[in-house]
Amino acid sequence: MRGRERPQRSGDVSKSFAAGLSEHPLPTQAVGEVVGQVLDRLGEEPPDLALLLVTAPHAGAMEDMAAAVRSMLRPRTLLGCTAESVVGGAREVEQRPAVSLWAGRTGPVAPLHLVLERTPDGDALVGWPDHAAGAALLILADPFTFPADAFLEGLADDRPGLPVIGGLASGAVAPGRNRLVLDDRVLVDGAVGAFLPEGAQVTTVVSQGCRPVGDPFVITKAEGNIVYELGGRSALDRLQELAAGLGDEERQLLANGIHLGRVIDESKTEFERGDFLIRNVLGGDPQSGAIAVGDVVEIGSTAQFQVRDAASADEDLRQLIDGRTAQGALLFTCNGRGTRLFGRPHHDAEVVAEGLPGAAVAGMFCAGELGQVGQRNFLHGFTASIALFRAPE
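Residues numbered from 1 in each chain as written. Predicted model: local features only at pLDDT ≥ 70, side-chain atom pairs only at ≥ 80, totals over all residues. Heavy atoms only, no water.

Visitor: What is the right way to read the overall build of the protein chain from this model?
Guide: Within the protein chain, the secondary structure is distributed over eight helices and 27 strands. Here the protein chain has a C-alpha radius of gyration of 21 Å; the compact-globule value for 393 residues is 21 Å, and the two agree. Dimensions of the protein chain, computed from the C-alpha atoms along their principal axes, are close to 65 × 50 × 40 Å. By residue count, 54% of the 393 residues in the protein chain fall in the buried class. (Helix = DSSP H or I, 4+ residues; strand = E, 2+ residues; numbered from the N terminus. Rg over C-alpha atoms; globule rule 2.2 N^0.38 Å. Buried < 20%, exposed > 50% of the residue type's maximum accessible area, 1.4 Å probe, protein only.)

Have a look at this one:
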């Protein structure tokens, strides 16, 4: 999209949220285009919150681009980061120069910068406010320097029930190369974010894009991330038994990548898609019959094998968006989705934009997505984690 592309409009488009996208290769031109698109829709009154998301080719110009956004748009809080690919409207720009800008009148937000510091007493997370609270917490984090899993575990004790939405920057493959933006600062470590105000009309959804296969089993023997037994038999035997009973198509899906879903709410008597926290199966040991998964597991919890394919991911996302209303949306999708999963560009962006006509949609491809499943927040992979905003009444 060279040149300026105005956002799609509908009869009831809210002027509380706006998004812009530019693929211009020159940072100065690109940032001018996205600010212009946002101002066209918002008008001159400054937004409470803006997000500036840029792909790696623009990373070196992040300081100048952030300054330009602050000067022209005058957001009360500006967050941003670098990403492999970005989203704007119904478009996804993968691994090419691009800038996505989103802005909204959410009510005053409370920004924060979290940094892990080494102390004589151990690691400490610095920057967490003593009394901050809100409707949700938006986080953009550097994957190399921010302990997302540990942060979310601590948050479950400190702020139970608080939804977290966001993602890990994916614009670099080494520490110190991602860029994070918080107002007039451009940072290279930790996480930036903001508490959305208590009155903000925001809903978070997470599309994990998997479907269960076979039967659920109780984990009867495990240690750390190693599952030895499912329902009293070796985990590898259970997996091989499952594969033997599947048709050719589903067996091929297993060969492409098998996952294990851990039940979130054990009080349920039946489990279906969406009831699980999905983790990769990393490998198996024929000698012990154990499988390794990408998370710590607990004896006594219920698990079920899962497969992921484009059809399942498409259906899952559409079901989550269907029937919802929003005037703004932030989409944090995995960099393993996009053309890598669907074989064509723009899938997730199109589903969200088409399901929310007239909404201002923006986002990025992440190296990990933050989102709530079953009233608890997790770091996910291969998901689409979405914040849906409605204009204040």
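From this point, the narrative continues.
Visitor: For this particular structure, what's the right way to read the packing of helix α1 (residues 27-42) against helix α2 (residues 62-73)?
Guide: For any two helices packed against each other, one specifies the crossing angle of their axes together with the interaxial distance. At a closest axis distance of 10 Å, the pairing of α1 and α2 adopts a crossing angle of 30°. As far as their axial angle goes, α2 and α1 are roughly parallel. The hand of the α1/α2 crossing is right-handed. Judged by residue contacts, Pro27, Val31, Gly32, Val35, Val38 and Leu39 of α1 engage Met65, Ala68, Val69, Met72 and Leu73 from α2. Looking at the contact of α1 with α2 residue by residue, the class counts come to ten nonpolar, one polar and no charged. (Axes fitted to C-alpha atoms, helices over the stretch in contact; angles between N-to-C directions. Parallel < 35°, antiparallel > 145°, perpendicular 65-115°, else oblique. Left-handed = near helix turned anticlockwise from the far one by under 90°. Contact = heavy atoms within 4.5 Å. Nonpolar A, V, L, I, M, F, W, Y, C, P; charged D, E, K, R; others polar.)

Visitor: For this particular structure, what's the right way to read the confidence of the model for the protein chain?
Guide: One rule of thumb: low pLDDT means the predicted coordinates there are not for detailed reading. Taken as a whole, the protein chain shows an average pLDDT of 92; of its residues, 96% reach a score of 70 or greater. Low confidence marks residues 1-12, where pLDDT is under 50. Its contacts with residues over four positions away, or in another chain, come to 24 contacts. (pLDDT = per-residue confidence, 0-100.)

Visitor: What is the right way to look at the sheet that holds strand β12 (residues 185-187) in this model?
Guide: To summarise the sheet geometry, strands pair through backbone hydrogen bonds and adopt either a parallel or an antiparallel arrangement. The mixed open sheet is built from six strands, whose spatial order is β1-β6-β2-β3-β11-β12. One side of each edge strand has no neighbouring strand; the edge strands of this open sheet are β1 (17-22) and β12. Within the sheet, the average angular offset between the axes of one strand and its neighbour, ignoring direction, is 15°. Most of the contacts of α2 go to strand β2 (residues 49-55), to which it runs at about 150°, and overall it touches β2, β3 (77-83), β6 (99-104), β11 (180-182) and β12. (Pairing = 2+ DSSP bridges.)

Visitor: I keep staring at the pattern of salt bridges and nothing clicks. Help me out?
Guide: Side chains that differ in sign of charge can pair as their charged atoms come close. Counted by the stated rule, this structure contains 16 salt bridges. Its salt-bridge partner being Glu23, residue Arg91 comes within 2.5 Å of it at the nearest N-O pair. Here Glu23 lies in the loop between β1 and α1 and Arg91 lies in strand β5 (residues 91-94), a separation of 68 residues in the sequence. Through salt bridges with shared partners, a single ionic network connects Glu23, Arg91 and Arg96. (Salt bridge = Lys/Arg side-chain N within 4 Å of Asp/Glu carboxyl O.)

Visitor: What exactly am I supposed to notice about helix α6 (residues 310-321) here?
Guide: It helps to recall that an α-helix has 3.6 residues per turn; residues three or four apart then point in one direction. Spanning twelve residues, α6 covers 17 Å between terminal C-alpha atoms, matching the ideal 16 Å at 1.5 Å per step. When α6 is considered as a whole, its buried residues turn out to be Ser312, Ala313, Asp316, Leu317 and Ile321. With its buried residues spanning 155° around the axis, α6 presents them on a single face. Tucked into the core, α6 has its buried residues touching β14 (201-207), β15 (210-212), α7 (338-342), α8 (347-355) and β27 (384-390). (Expected span 1.5 Å × (residues − 1). Arc of directions from axis to C-beta.)

Visitor: I keep staring at the side chain of Thr333 and nothing clicks. Help me out?
Guide: By the secondary structure assignment, Thr333 is in strand β23 (residues 328-334). Each residue touching Thr333, except ones within four places of it in the same chain, is listed here: Asp348, Met364, Phe365, Cys366, Glu369, Thr383 and Ala384.

Visitor: Help me understand the side chain of Asp142, please; the structure alone is not making it clear to me.
Guide: Checked against the element boundaries, Asp142 lands in the loop between β9 (136-141) and α3 (148-158). For the buried Asp142, which has no salt bridge, the nearest side chain bearing the opposite charge is Arg179, at an N-O separation of 8.2 Å. A polar contact is formed between the side chain of Asp142 and the side chain of Asn178, at a distance of 3.1 Å. Discounting residues that sit within four places of it in the chain, Asp142 has contacts with Asn178, Leu180, Val188, Asp189 and Gly190. (Lys, Arg positive; Asp, Glu negative; His and termini not counted. Polar contact = N/O pair within 3.5 Å; in protein donor to acceptor, adjacent residues only side chain to side chain.)

Visitor: Just checking my understanding: could you explain the sheet that holds β9 for this structure?
Guide: Taken in spatial order, the seven strands make up an open sheet running β8-β7-β13-β9-β10-β25-β26, and their pairing is mixed. The sheet terminates laterally at β8 (122-126) and β26 (376-380), the two strands that pair on one side only. Averaged over all pairs of adjacent strands, the angle between their axes in this sheet comes to 20°, without regard to strand direction. Direction of pairing for β9 relative to strand β13 (residues 191-196): antiparallel, over a ladder of six bridges. Bridge pairing in β13 links Leu140 to Val192. Docked against the sheet, α3 engages β7 (110-119), β8, β9, β10 (164-168), β25 (369-373) and β26, running at close to 175° with respect to β26.

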